[in-house]
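Fold and contact review
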Amino acid sequence: MKKVIFTAALMFIINFGIAAEGDWGKTGHRATAEIAENHLSTKAKKAINELLNGYGLAFVANYADDIKSDPDYRQYGPWHYVNIDPDAEKYIEEEASERGDLVQAIRKCVVVLKDQEASREEKQFYLKMLVHFVGDLHQPFHAGHAEDKGGNDIQVRWFNEGSNIHRVWDSEMIDFYQMSYTELAINTRDLSKSQIKEVQKGKLLDWVYESRTIADDLYAGVENGEKLGYSYMYQHMPTVLDQLQKGGLRLAKILNEIFGEGKSHS
Ligand code: ADE
Ligand code: ZN
Ligand code: ZN
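Residues numbered from 1 in each chain as written. Chains lettered and ligands numbered in written order. Predicted model: local features only at pLDDT ≥ 70, side-chain atom pairs only at ≥ 80, totals over all residues. Heavy atoms only, no water.

Relative to each other, helix α8 (residues 165–177) and helix α12 (residues 230–259) sit at 90°, their axes nearing to 10 Å. In terms of axis orientation, α8 runs roughly perpendicular to α12. Contact residues: α8 offers Ile165, Val168, Trp169, Met173, Ile174, Phe176 and Tyr177, while α12 offers Tyr230, Tyr232, Met233, Tyr234, His236, Met237, Thr239, Val240 and Leu244. Grouping the constituent residues of the contact of α8 with α12 by class yields 14 nonpolar, two polar and no charged. (Axes fitted to C-alpha atoms, helices over the stretch in contact; angles between N-to-C directions. Helix = DSSP H or I, 4+ residues; strand = E, 2+ residues; numbered from the N terminus. Parallel < 35°, antiparallel > 145°, perpendicular 65-115°, else oblique. Contact = heavy atoms within 4.5 Å. Nonpolar A, V, L, I, M, F, W, Y, C, P; charged D, E, K, R; others polar.)

Set out below in structure tokens:
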């Protein structure tokens, strides 16, 4: 009996630990992946389809979260976010975390995927990680402050439940809508070709700074212990959808650059 209680308590602690520090929920990550899938070149689509044994990007979008609790993959924990000192003007390569961060993670994924020497297994692994990390990059609190763990330590009431501001942005708002990832993906803005190009412009660090700027605004708009509900959600859901869409369009850009812009020849 004692063993049963101990196991139950352990499961609770483990589950709670995971729930407290998730990322864009599963639906958000899949929506970003689906948007990317819809903007792949024929060539990239074919190469990716082959690499993923026929599965689409949405199917693998949560792999990097799924492996988090496995001790063999613990080293990848810090790869899901980047904390830039609030007083620093920019990301300083020399001062970046030795444990890795989101910037180093995305760069590593791209390097392996472009490396002709890398094995098929390695490419599969880093492609799945990349799909997830470009999603994380667009969750503003994944470019938040270290001192509050990207908002994880800022407690709020979400309607009548205990939560924190990081989790509100990861999943509470998205889950409230109870939409599938495909429904979320089509409820983003209709953009013209030139507007898509505009979103895809810039480099990795530009996108990091964009998330960081949004996070600064969000930090200023919330107080520890605050009760949040409908009005917060209606105010911020457009930003959530925009970020999911930008993530998808930029992931497509990265993948098209890696796997080829053109139409497939075979
Ligand atoms: N998740 C866990 N720690 C975090 C941090 N410092 N910043 C953002 N997300 C996190
Ligand atoms: Zn998160
Ligand atoms: Zn993540």
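Another aspect to go through is the packing of helix α6 (residues 102–114) against helix α7 (residues 120–137). Contact geometry for α6 and α7: axes closest at 9 Å, N-to-C directions at 145°. Pair α6 / α7 crosses with left-handed handedness. Together, Leu102, Ala105, Ile106, Lys108, Cys109, Val110, Val112 and Leu113 of α6 and Glu122, Lys123, Tyr126, Leu127, Met129, Leu130, Phe133, Val134, Asp136 and Leu137 of α7 make up the contact between the two elements. (Left-handed = near helix turned anticlockwise from the far one by under 90°.)

Another aspect to go through is the coordination of the zinc ion (ligand 3). Ligation of the zinc ion (ligand 3) by protein atoms is provided by Asp23 (OD), His80 (ND1), His132 (NE2) and Asp136 (OD), these donors lying 2.0 to 2.1 Å from the ion. Here the zinc ion (ligand 3) binds four donor atoms, and the angle range of 95 to 145° at the metal identifies the geometry as irregular. Binding-site remark: the zinc ion (ligand 3) is held by donors from one chain whose sequence spacing is D-x56-H-x51-H-x3-D. Between the zinc ion (ligand 3) and the zinc ion (ligand 2), the interatomic distance is 5.9 Å. Here the residue Asp23 occupies a position in the loop between α1 (2–20) and α2 (26–37), and His132 occupies one in helix α7, the gap between them amounting to 109 residues. (Donors = N, O, S within 2.8 Å, 3.2 Å for Na, K, Ca; no water. Tetrahedral: all angles 85-135°; square planar, octahedral: opposite > 155°, others 65-115°.)

The three strands lie next to each other as β2-β1-β3, forming an open sheet whose pairing is mixed. Every other strand in the sheet has two partners, leaving β2 (161–164) and β3 (227–228) as the edge strands with one partner each. Of the strand pairs in this sheet, strand β1 (residues 155–158) and β3 are connected by two bridges, and their pairing is parallel. In the strand pairing of β3, Arg157 is matched with Lys227. In the packing of α8 onto the sheet, contacts are made with β1, β2 and β3, and the angle to β2 comes to roughly 110°. (Pairing = 2+ DSSP bridges.)

Attention now moves to α6. For α6, with 13 residues, the first-to-last C-alpha span of 18 Å sits near the 18 Å given by 1.5 Å per residue. What α6 keeps buried is the set Leu102, Val103, Ala105, Ile106, Cys109, Val110, Val112 and Leu113. Taken together, the buried residues of α6 touch α3 (42–51), α7, α11 (204–220) and α12. (Expected span 1.5 Å × (residues − 1). Buried < 20%, exposed > 50% of the residue type's maximum accessible area, 1.4 Å probe, protein only.)

Right, let's get into the pattern of salt bridges. The tally for this structure, following the rule as stated, stands at twelve salt bridges. The partner of Asp66 in a salt bridge is Lys26, and the shortest N-O contact between them spans 3.2 Å. Pair noted here: Asp66 is in helix α5 (residues 63–66) and Lys26 is in helix α2, with a separation of 40 residues, a long-range link. We note a salt bridge from Asp242 to Arg189, for which the minimum N-O separation is 3.1 Å. On the criterion of sequence distance, the pair formed by Asp242 in helix α12 and Arg189 in the loop between α9 (181–186) and α10 (193–200) is long-range, its members being 53 residues apart. For Asp242, a relative accessible area of 23% translates into the label partly exposed. (Salt bridge = Lys/Arg side-chain N within 4 Å of Asp/Glu carboxyl O.)

This paragraph deals with the confidence of the model for the protein. When pLDDT is averaged along the protein, the result is 93, and 91% of the positions lie at 70 or above. Confidence over residues 12–20 falls short of pLDDT 50; this stretch has four contacts with residues more than four positions distant or in other chains. (pLDDT = per-residue confidence, 0-100.)

Bringing the nonpolar core into the picture now. Nonpolar side chains in soluble globular proteins tend to end up buried together. Among the nonpolar cores identified, the biggest contains 50 residues, and Ile48, Leu57, Met129, Leu130, Phe133 and Leu255 are the most heavily contacted of them. At the level of secondary structure, the elements contributing two or more residues to this core comprise α2, α3, α4 (57–60), α5, α6, α7, α11 and α12. With nine residues, the top contributor of residues to this core is α7. Those residues within four positions of Leu255 in sequence are excluded, and the remaining contacts are Leu40, Ala44, Ile48, Leu57, Leu127, Leu130 and Gly260. (Core = buried A, V, L, I, M, F, W, Y, C linked by side-chain atoms within 4.5 Å.)

Relative to the elements of secondary structure, Asp170 occurs in helix α8. No salt bridge is formed by the buried Asp170. Its closest oppositely charged neighbour is Lys68, at 7.1 Å. At 2.9 Å, the side chain of Asp170 forms a polar contact with the backbone nitrogen of Trp24. Engagement of the side chain of Asp170 in a polar contact is seen with the side chain of His142, the distance being 3.5 Å. (Lys, Arg positive; Asp, Glu negative; His and termini not counted. Polar contact = N/O pair within 3.5 Å; in protein donor to acceptor, adjacent residues only side chain to side chain.)

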